[in-house]
Protein chains: 2
Amino acid sequence: MAEVEVPDIVIGRLPIYLRALKHLMEDGQEFTSSQELGRILGIGSAQIRKDLSHFGEFGKQGTGYEISFLSDQISKILNVDRDWSVALVGFGDLGQAIAHYGGFAAKGFHIDEIFDNEPAKIGEQVNGNTVRDVAELVEVVSSKKIKMAVVAVPAMAAQQVTEQLVEAGVRAILNYAPITLNVPDHVRVQYIDPVVHLQRMTYYLA
Amino acid sequence: MAEVEVPDIVIGRLPIYLRALKHLMEDGQEFTSSQELGRILGIGSAQIRKDLSHFGEFGKQGTGYEISFLSDQISKILNVDRDWSVALVGFGDLGQAIAHYGGFAAKGFHIDEIFDNEPAKIGEQVNGNTVRDVAELVEVVSSKKIKMAVVAVPAMAAQQVTEQLVEAGVRAILNYAPITLNVPDHVRVQYIDPVVHLQRMTYYLA
């Protein structure tokens, strides 16, 4: 672990670097540079070098970064060189889309439990999971020591579900509900808010 | 329009400020400060003041920002003080979740056209829309002068759909497919990639 705390904004860029490196690797490329990564990602090359320097020396003057090595190192830093178990709460349209989405498991995030409160949905089978009653959430999630959850319930239910997840020991929540969640300091929340992305683009559409 | 180009990263923070201001307004608050916004958002207050200073003087020493005024100003800057017509491509699980999601229309983004390539889906009714054959995309989107689109098709279809959208005159794309889209310089793309958000949190879960 780093001696000095690395700013969260730097941590937030590492998955973006990782994704770009994986794409380059898929294209068969072996080496890259902070300049090339910068061009691909629209980030300054000095920023990329500075971000990576928090964790060590990964490149060589002249040859740049060996892609597979840098990708492995970033995976280790982010703790994504292992599999993670994830609980999904909410099995409406969105929850179903998330449960069927192959992109999570491909990156080591396995949805191992699914919860909903609708009797018609409880007991449904999806990818080897059985949708459980949300009343079982605290017991199941805590006994399985699941630390990550995806919240895909309506806005009005999101805070209550979050409190149950926190009680069960979850420390990282990906929230699709359009509200800000109140959580204790030891719990992280990331928001998926498509409107924010649309609003960022309309600036350029005048 | 600003004389000097405002960095895109600043533009990207404005919707976040706007969302926080709307929440404060809903709570009945009239004034706020860069310090309070910073605390809510986990962004430095100096950064917030600097971001806003690109566009003018919005606050007063002592009283801070009048929330409704600042919110109106940011809405104007972002061009979200008007309604936008959006085309949705893909009517699978995810497309259906997006079509049913009330959060877009509430913020002025109206899904006015939906396209899919599956015969069973074409003709389906949703919120007053009829799902159309994607073969009609270029003609319909260009004749309706729709400038924004949401791509919710499988990864392997996303680039082709994107090219049709660009041909139709779309200039802003919200992409849910897990691939990087190639677009001309005049077209903006924002990515919804939940894995990036999960990977950002696992850093803290070691």
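Source: prediction; values computed, not measured.

Enquirer: I would appreciate a short explanation of the packing of helix H1 (residues 8–26) of chain A against helix H2 (residues 34–41) of chain A in the present structure.
Expert: Residues and elements named next belong to chain A. Running from amino to carboxyl end, H1 crosses H2 at an angle of 105°, the nearest separation of the two axes being 11 Å. Judged by the inter-axis angle, H1 sits roughly perpendicular to H2. Along its contact with H1, which presents Ile16, Tyr17, Ala20, Leu21 and Leu24, the element H2 presents Glu36, Leu37, Ile40 and Leu41. In terms of residue class, the contact of H1 with H2 is built from 8 nonpolar, no polar and 1 charged.

Enquirer: What exactly am I supposed to notice about the pairing of strand E8 (residues 148–151) of chain A here?
Expert: Each regular strand carries side chains that alternate between the two faces of the sheet. All names here are of chain A. In E8, alternate side chains face the same way, and those of Met148 and Val150 on one face and Ala149 and Val151 on the other are all buried. Where strand E4 (residues 84–89) meets E8, 4 bridges bridge the pair, whose relative direction is parallel. Across the sheet, the residue bridging to Leu88 is Val150, located in E8. Strand direction decides the pairing type here: E8 and strand E9 (residues 172–175), joined by 4 bridges, are parallel. For Met148, the partnering residue across the bridge sits in E9 and is Ala172. Assessed by its sense of winding, the connection that carries the chain from E8 through helix H8 (residues 155–167) to E9 is right-handed.

Enquirer: What should I look at first to understand the environment of Asp116 of chain A in this one?
Expert: Residues and elements named next belong to chain A. Positionally, Asp116 belongs in strand E5 (residues 109–116). A residue is classified by how much of its surface remains accessible, and Asp116, at 8% relative accessible area, is buried. Residues Asp116 and Gln199 lie 83 residues apart in sequence; the distance between their C-alpha atoms is 31 Å. Each residue touching Asp116, except ones within four places of it in the same chain, is listed here: Gly90, Phe91, Gly92, Lys121, Ile122, Val131, Arg132, Asp133 and Val134. A polar contact of 2.9 Å, which involves the side chain of Asp116, links it to the backbone nitrogen of Glu118.

How each quantity is defined
Residues numbered from 1 in each chain as written. Chains lettered and ligands numbered in written order. Predicted model: local features only at pLDDT ≥ 70, side-chain atom pairs only at ≥ 80, totals over all residues. Heavy atoms only, no water. Axes fitted to C-alpha atoms, helices over the stretch in contact; angles between N-to-C directions. Helix = DSSP H or I, 4+ residues; strand = E, 2+ residues; numbered from the N terminus. Parallel < 35°, antiparallel > 145°, perpendicular 65-115°, else oblique. Contact = heavy atoms within 4.5 Å. Nonpolar A, V, L, I, M, F, W, Y, C, P; charged D, E, K, R; others polar. Buried < 20%, exposed > 50% of the residue type's maximum accessible area, 1.4 Å probe, protein only. Pairing = 2+ DSSP bridges. Right-handed = clockwise from strand over helix to strand, strands pointing away. Polar contact = N/O pair within 3.5 Å; in protein donor to acceptor, adjacent residues only side chain to side chain.

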